[in-house]
Amino acid sequence: METVLTVPYETDERFLVGLSDGTLLLGWYDDDMRCRWEVARDGAGIVRFDGDLARVEWRVEWVTVATFDPRVVEPDVPPALPLFPDLDRWAA
């Protein structure tokens, strides 16, 4: 399936496209108003770029599009929890 998405346009010219497979794409417009793409986070699918076209070779159930916000901070990964807390207590 192919579709054309209308993306928000801000003065920053960057936008994000999130896909259900976990892929996060960063898109922007160059000086000639051609769309350029970059993978911000890999997902399950394989992403291929051809000029201003981004092709995701995976089943896509949903897509979300948003303007880029440079103030967003990715939280740290929380520490792993012990699998057997009672056994860990006696191991020390």
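Residues numbered from 1 in each chain as written. Predicted model: local features only at pLDDT ≥ 70, side-chain atom pairs only at ≥ 80, totals over all residues. Heavy atoms only, no water.

Turning next to the layout of surface pockets. In this structure, the second largest pocket spans a volume of roughly 250 Å³. Residues of the lining of the second largest pocket, tallied by class, amount to 6 nonpolar, 1 polar and 3 charged. (1 Å grid on protein atoms, 1.4 Å probe; cavity = no way out; pocket = protein on both sides within 12 Å on 5 of 7 lines; lining within 4 Å. Points joined across faces, edges and corners; volume = space filled by probe spheres on them. Nonpolar A, V, L, I, M, F, W, Y, C, P; charged D, E, K, R; others polar.)

This part takes up the confidence of the model for the protein chain. Averaged over every residue, the pLDDT of the protein chain is 81; residues scoring 70 or more account for 84%. Mean pLDDT across the elements of the protein chain bottoms out in helix α1 (residues 85–91) (63) and peaks in strand β4 (residues 46–50) (92). (pLDDT = per-residue confidence, 0-100. Helix = DSSP H or I, 4+ residues; strand = E, 2+ residues; numbered from the N terminus.)

Locating Asp30 in the fold gives a position in the loop between β2 (24–29) and β3 (35–41). Within the structure, Asp30 has its side chain in polar contact with the backbone nitrogen of Arg34 (distance 2.8 Å). (Polar contact = N/O pair within 3.5 Å; in protein donor to acceptor, adjacent residues only side chain to side chain.)

The next thing to look at is the packing of aromatic side chains. Taken as a whole and judged by the stated rule, the model has 2 aromatic pairs. Measuring from ring centre to ring centre gives 5.7 Å for Phe15 and Tyr29, while their planes differ by 45°; the resulting arrangement is tilted. Within this pair, whereas Phe15 is found in strand β1 (residues 14–19), its partner Tyr29 is found in strand β2, the two being separated by 14 residues in sequence. A single burial state applies to Phe15 and to Tyr29, both of which are buried. Each member of the aromatic cluster is reached from another via a ring pair, and the members are Phe15, Tyr29 and Trp37. (Phe/Tyr/Trp six-rings, centres within 6.5 Å; stacked < 30°, edge-to-face > 60°. Buried < 20%, exposed > 50% of the residue type's maximum accessible area, 1.4 Å probe, protein only.)

Attention now goes to the pairing of β1. One ladder, built from 5 bridges, connects β1 with β2; its direction is antiparallel. Each residue of the ladder has a partner; that of Gly18, found in β2, is Leu24. The turn linking β1 back onto β2 is made up of 4 residues, and Gly22 within it adopts a positive phi angle of 100°. Looking at chain direction, β1 and strand β6 (residues 63–67) are connected through 5 bridges and run antiparallel. Residue pairing in the sheet places Phe15 in a bridge with Thr67 of β6. (Pairing = 2+ DSSP bridges.)

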